[in-house]
Amino acid sequence: MSTQIHFEHSDGTERVVQGRPGQNLLEIALYHDIELDHACGGVCACSTCHVKIMEGADLLTEARDDEEDQLDDARDLSLESRLACQAKILPGANGKIRVAIPAWNVNAVREGH
Ligand code: FES
């Protein structure tokens, strides 16, 4: 069983990597040197790791109340919105997850370094 994660940037570029059950999208992205802002270090205390799950949301854990609260502060909120640090691959997940990284997220990283 494996899960393919397609990280899609707003400029049309894409990186495809493998994920394992229990890993969250932020740690998978950072492990593979994919830029994704994470101001609070992945403890659900900001909303900078906001991404959109375009496909395969059912392969991820559901959002808890504290994640929903943080997302309320996120820019450009939509039904596909998740915090990458809180969305973990479910046990037994097998398939494809498409993750859209908003343009402003990458910009925030570049401005901060
Ligand atoms: S990095 Fe802060 S909520 Fe995900």
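Structure: above.
The present account deals with the structure reproduced in this document. Keep in mind that what you see is a predicted model, and the values were worked out from it rather than measured.

## Some points on the nonpolar core
Here is a general trend for soluble globular proteins: nonpolar side chains tend to be buried in one another's company.
Thought 1: Ranked by size, the top nonpolar core spans 21 residues in total, and within it Leu25, Leu26, Ala29, Cys49, Val51, Ala84 and Val99 carry the most contacts.
Thought 2: Elements with a minimum of two residues in this core: β1 (3–9), α1 (25–31), β3 (50–55) and β5 (95–101).
Thought 3: Residues contacting valine 99, with those up to four places away along its chain left out, are Ile5, His6, Phe7, Glu8, Leu25, Val51 and Ile53.

## Section: the environment of isoleucine 28
Thought 1: By the element assignment, isoleucine 28 lies in helix α1.
Thought 2: Residue classification places isoleucine 28 among the buried positions, given that 24 C-beta atoms sit within 10 Å.
Thought 3: On a C-alpha basis, the gap between isoleucine 28 and isoleucine 53 in space is 15 Å, while along the polypeptide they are 25 residues apart.
Thought 4: Those residues in contact with isoleucine 28 that lie beyond four places of it in its chain are Ile5, Val17, Gly19 and Gln23.

## Description of the sheet that holds strand β2 (residues 14–19)
Thought 1: Within the open sheet, the five strands sit side by side as β2-β1-β5-β3-β4. Their pairing is mixed. Strand pairing shows two members of the sheet lacking a second neighbour, β2 and β4 (81–83), which therefore form its edges. Neighbouring strand axes in the sheet, compared pairwise and without regard to direction, differ in orientation by 35° on average.
Thought 2: Relative to β2, β1 runs antiparallel, the two sharing six bridges. Note that in β2 the partner of histidine 6 across the bridge is valine 16.

Definitions and cut-offs
Residues numbered from 1 in each chain as written. Predicted model: local features only at pLDDT ≥ 70, side-chain atom pairs only at ≥ 80, totals over all residues. Core = buried A, V, L, I, M, F, W, Y, C linked by C-beta atoms within 7 Å. Buried ≥ 20, exposed ≤ 12 C-beta atoms within 10 Å, placed from the backbone. Helix = DSSP H or I, 4+ residues; strand = E, 2+ residues; numbered from the N terminus. Contact = placed C-beta atoms within 7 Å. Pairing = 2+ DSSP bridges. Axes fitted to C-alpha atoms, helices over the stretch in contact; angles between N-to-C directions.

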